[in-house]
Amino acid sequence: MGPRHMPLNSAFMNGTVEGDEVWIPMDNILGGQECCGVGWKMFVECLAEGRGVSLPAGSAGAGRAIVGAVGAYARVRKQFRVPIAEFGGIQEALSTAGSDALITIAGTDLMNAIVDNHEAPMVVSSIMKQNCTERGRRMVEHGMDIAAGSAICRGDNNYLGNTYMGLPIAITVEGANIMTRSFQIIGQGLTRCHPHMLELIQSLQAPKEEEDKAIAIFTKQFYKVVNHGVSNFARSLTRGVGATVSTATRSKTAYTDGNKLVDYHEKQLLRLSANFALTADLCFTLGGRLKFEELLMGRLADAMGAIFLGYATLHHYSRQKGVEGLEAITEHAMLRLEKEAQDALKEASDNFPGPLGPVASTVMKLGCFPLGSLTRPYQAPSDQLTKEVSRMITNPSELRDFFTDGVYMAPEGVAHQVSDLIRALPICVEADKIASTLRREKREPTSEEVDKIAKAEAIRDVLIQVDAFPHLTDAEGQEGYVRPALVGTEERLSSLDRKKFA
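Residues numbered from 1 in each chain as written. Predicted model: local features only at pLDDT ≥ 70, side-chain atom pairs only at ≥ 80, totals over all residues. Heavy atoms only, no water.

### Overview of the overall build of the protein chain
Moving on, step 1. Within the protein chain, the regular secondary structure consists of 18 helices and two strands.
Moving on, step 2. Across its three principal directions, the C-alpha atoms of the protein chain cover 90 × 70 × 65 Å.
Moving on, step 3. By the burial criterion, 43% of the 502 residues in the protein chain qualify as buried.
Moving on, step 4. Contacts in the protein chain between residues far apart in sequence, at least 24 positions, make up 75% of those at least 6 positions apart.
Moving on, step 5. Entry remark: accessible area of the protein chain is about 27,600 Å², with carbon and sulfur atoms responsible for 57%.
Moving on, step 6. Positive and negative charge centroids in the protein chain, built from 53 and 61 side chains respectively, lie 8 Å apart. (Helix = DSSP H or I, 4+ residues; strand = E, 2+ residues; numbered from the N terminus. Buried < 20%, exposed > 50% of the residue type's maximum accessible area, 1.4 Å probe, protein only. Contact = heavy atoms within 4.5 Å. Areas by Shrake-Rupley, 256 points an atom, 1.4 Å probe, with all protein chains shown as cover. Lys, Arg positive; Asp, Glu negative; His and termini not counted. Charge placed at Lys NZ, Arg CZ, Asp CG, Glu CD.)

### Some details on the nonpolar core
Moving on, step 1. Within the largest apolar cluster, 104 residues are counted, with the highest numbers of intra-cluster contacts made by Y159, I186 and F403.
Moving on, step 2. Here this core gets 13 residues from one element, more than from any other, and that element is helix 11 (residues 294-320).
Moving on, step 3. What F403 contacts, discounting residues up to four positions off in sequence, is R64, V67, G98, A101, L102, I105 and I329. (Core = buried A, V, L, I, M, F, W, Y, C linked by side-chain atoms within 4.5 Å.)

### Comments concerning the side chain of T313
Moving on, step 1. Tracing the backbone through its elements, the reader meets T313 in helix 11.
Moving on, step 2. Among residues more than four places away in sequence, those in contact with T313 are L102, I103, A106, T330, A333, M334 and L337.

### Considering a negative patch on the surface
Moving on, step 1. Taken together, the side chains of E324, E398, D401 and D405 make up a negatively charged region of the molecular surface.
Moving on, step 2. Assignment of secondary structure puts D405 in the loop between helix 15 (398-404) and helix 16 (417-441).
Moving on, step 3. Exposure remark for D405: the relative accessible area of 55% places this residue in the exposed category. (Patch = residues over 30% accessible without salt bridge, like charges linked within 9 Å, V, L, I, M, F, W, Y side chains within 5 Å. Salt bridge = Lys/Arg side-chain N within 4 Å of Asp/Glu carboxyl O.)

### Overview of a nonpolar patch on the surface
Moving on, step 1. A cluster of nonpolar side chains, namely F222, Y223, V226 and V230, defines an oily patch on the protein surface of about 390 Å² accessible area.
Moving on, step 2. One can find Y223 in helix 9 (residues 211-248).
Moving on, step 3. Given the relative accessible area of 52%, Y223 is considered exposed.

### What about helix 6 (residues 161-172)?
Moving on, step 1. Those residues of helix 6 not exposed but buried are G161, G166, L167, I169, A170 and I171.
Moving on, step 2. Following helix 6 by one or two positions, E174 adopts a phi angle in the positive range, close to 55°.

### Structural notes on the packing of helix 3 (residues 88-116) against helix 4 (residues 122-147)
Moving on, step 1. Put simply, helix 3 and helix 4 touch, their axes get as near as 9 Å, and they point 155° apart. Regarding the angle of helix 3 to helix 4, the classification is roughly antiparallel. Viewed along their axes, helix 3 and helix 4 form a crossing whose handedness is left-handed.
Moving on, step 2. For the contact of helix 3 with helix 4, the residue count by class is 13 nonpolar, six polar and three charged. (Axes fitted to C-alpha atoms, helices over the stretch in contact; angles between N-to-C directions. Parallel < 35°, antiparallel > 145°, perpendicular 65-115°, else oblique. Left-handed = near helix turned anticlockwise from the far one by under 90°. Nonpolar A, V, L, I, M, F, W, Y, C, P; charged D, E, K, R; others polar.)

### Things to note about the packing of helix 8 (residues 197-204) against helix 9
Moving on, step 1. Where helix 8 meets helix 9, the axes come as close as 9 Å, and the angle between the chain directions of the two elements is 150°. For the element pair helix 8 / helix 9, the angle class is roughly antiparallel. Here helix 8 runs over helix 9; the crossing is left-handed. Residues M197, E199, L200, S203 and L204 of helix 8 lie in contact with helix 9, whose contacting residues are A214, I217, F218, Q221, F222 and V225.

### Let's talk about unusual backbone geometry
Moving on, step 1. Positive phi outside glycine occurs at A148, with the angle close to 55°.
Moving on, step 2. Relative to the helices and strands, A148 is located in the loop between helix 4 and helix 5 (149-152).
Moving on, step 3. Using a relative accessible area of 39% as the deciding quantity, one classes A148 as partly exposed.
Moving on, step 4. Even without being glycine, K442 reaches a positive phi, approximately 50°.

### A closer look at the pattern of salt bridges
Moving on, step 1. Applying the stated criterion to the full structure yields 24 salt bridges.
Moving on, step 2. Across the salt bridge formed by R138 and D100, the nearest N and O atoms sit 3.5 Å from each other. Within this pair, whereas R138 is found in helix 4, its partner D100 is found in helix 3, the two being separated by 38 residues in sequence.
Moving on, step 3. Ionic pairing is found between E441 and R443, a salt bridge with its closest N-O pair at 2.6 Å.

### What to know about the environment of P355
Moving on, step 1. By the element assignment, P355 lies in the loop between helix 12 (326-350) and helix 13 (357-368).
Moving on, step 2. A residue is classified by how much of its surface remains accessible, and P355, at 73% relative accessible area, is exposed.
Moving on, step 3. As a C-alpha pair, P355 and V245 span 110 residues in sequence and 35 Å in three-dimensional space.

### What about the packing of aromatic side chains?
Moving on, step 1. Scanning the model with the defined rule gives three aromatic pairs in all.
Moving on, step 2. Here F402 and F403 contribute two aromatic rings whose centre-to-centre distance is 5.1 Å and whose plane-to-plane angle is 65°, an arrangement assigned as edge-to-face.
Moving on, step 3. Grouped by ring-pair contacts, the aromatic residues F218, F222 and Y223 constitute a single cluster.
Moving on, step 4. The ring of Y264 is capped by R250, whose NZ or CZ atom sits 4.0 Å from the centre of that ring.
Moving on, step 5. Sitting over the face of the ring of F369, R376 holds its NZ or CZ atom 5.5 Å from the ring centroid. (Phe/Tyr/Trp six-rings, centres within 6.5 Å; stacked < 30°, edge-to-face > 60°. Lys NZ or Arg CZ within 6 Å of the ring centre and 35° of its normal.)

### A word on the environment of G15
Moving on, step 1. Relative to the elements of secondary structure, G15 occurs in the segment before helix 1 (39-50).
Moving on, step 2. Along the sequence, G15 and D467 sit 452 residues apart, while their C-alpha atoms lie 34 Å from each other.

### Some remarks on the side chain of S59
Moving on, step 1. Position of S59 among the secondary structure elements: in helix 2 (residues 54-76).
Moving on, step 2. Exposure remark for S59: the relative accessible area of 6% places this residue in the buried category.
Moving on, step 3. Every residue in contact with S59, bar those within four places of it in the chain, is listed here: T104, C132, T133, G136 and M139.

As structure tokens, then:
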């Protein structure tokens, strides 16, 4: 291994491999002798699959750990004698992190199934990489905000600091998210995913001796493209009106019925898919200039990613149905995804570029939002739903067990902050219930209740502590060491006439 980089102190080995007179038997070449020279193709195919699996898996793992550990910490940690899990700001951050964790887990499950089916969807893997690592960043940031001081003081008790420091690596590697979002997803997918455009483009590239055949193919495909665009406009318009009506008449508690939850959100995703298809057709008015309109492509990537992850979330719910509380967090996630897609399409329609931009913008608004804001019905989750999701994350529940499944738990008695927080949660919740009952009934606790409350308080006192060190470097540990800042201050004061203030 030659010289290597050191990406933010992470165990991320990357460096050149060098050797002299290295002999590799032909049998050791992947694919044998006939595959000599196709290594780059293999590399790109591995990248297409790998970036949709490995990096989202890291975000999914972070999501499970944050819901498990930070959710428990919010119940263990008290401020003004009240668990911080009862504070609205904490509930908002926890519910958002929880639904992002669900979205990421659902996306990784679906992507893994696709790869396991021996498919290598480059556009989908780009969506997964960009979208899941961005959500992973938000989840960890919310965890840092909630854990506060215990998340910024380095040491064995800090289970978030290294993850937070390493986040930019996942954001950057295997296609930086800025490039992936603003160029790669739509740049690759627009023509490849269109049912007729690829054949039309190929007809333009036909050799001269096949000109007559190419003209016939071009004419046929051109009419198909036009008919496809008209159909998308009609579909977008009718589904938009229908979705607006169904959203306006839907009860805020309708999600408690799992079948109705899936049926409603499937219809909303169909509407958004039709809106997106119309917008994609209008992008062809830009011609070759599209690849330079990265702001537009970024917004369309946001919409496409939200739609794909919406379907993944519903698919995941259908497979995991039966977990108590899963309906609430699925509803929270779907509402956020639908609003993300709606807002991205709205911003695209407001800023459609090109010489025909005003015309395309008008057509897009007529097709996607014919009644203006009335046909943009998607809103962020209600406060009631946010509190419900947060409550399940910060109390023993089947939903918490679903998230903590697979999270490493150290053996009893071995110091491990994440494990200790998860194990402490039911003890602290029971003690809080006892204290609440005592206040309500205005009585003294029994000896058993005293023991439970005392045990919980002792655990709390241990878990909220942060690490402290006598010195942070070897130099600081040397006898007679004086910090440079103090040396500079002493030198500066010695040159002044006035050494102290009266």
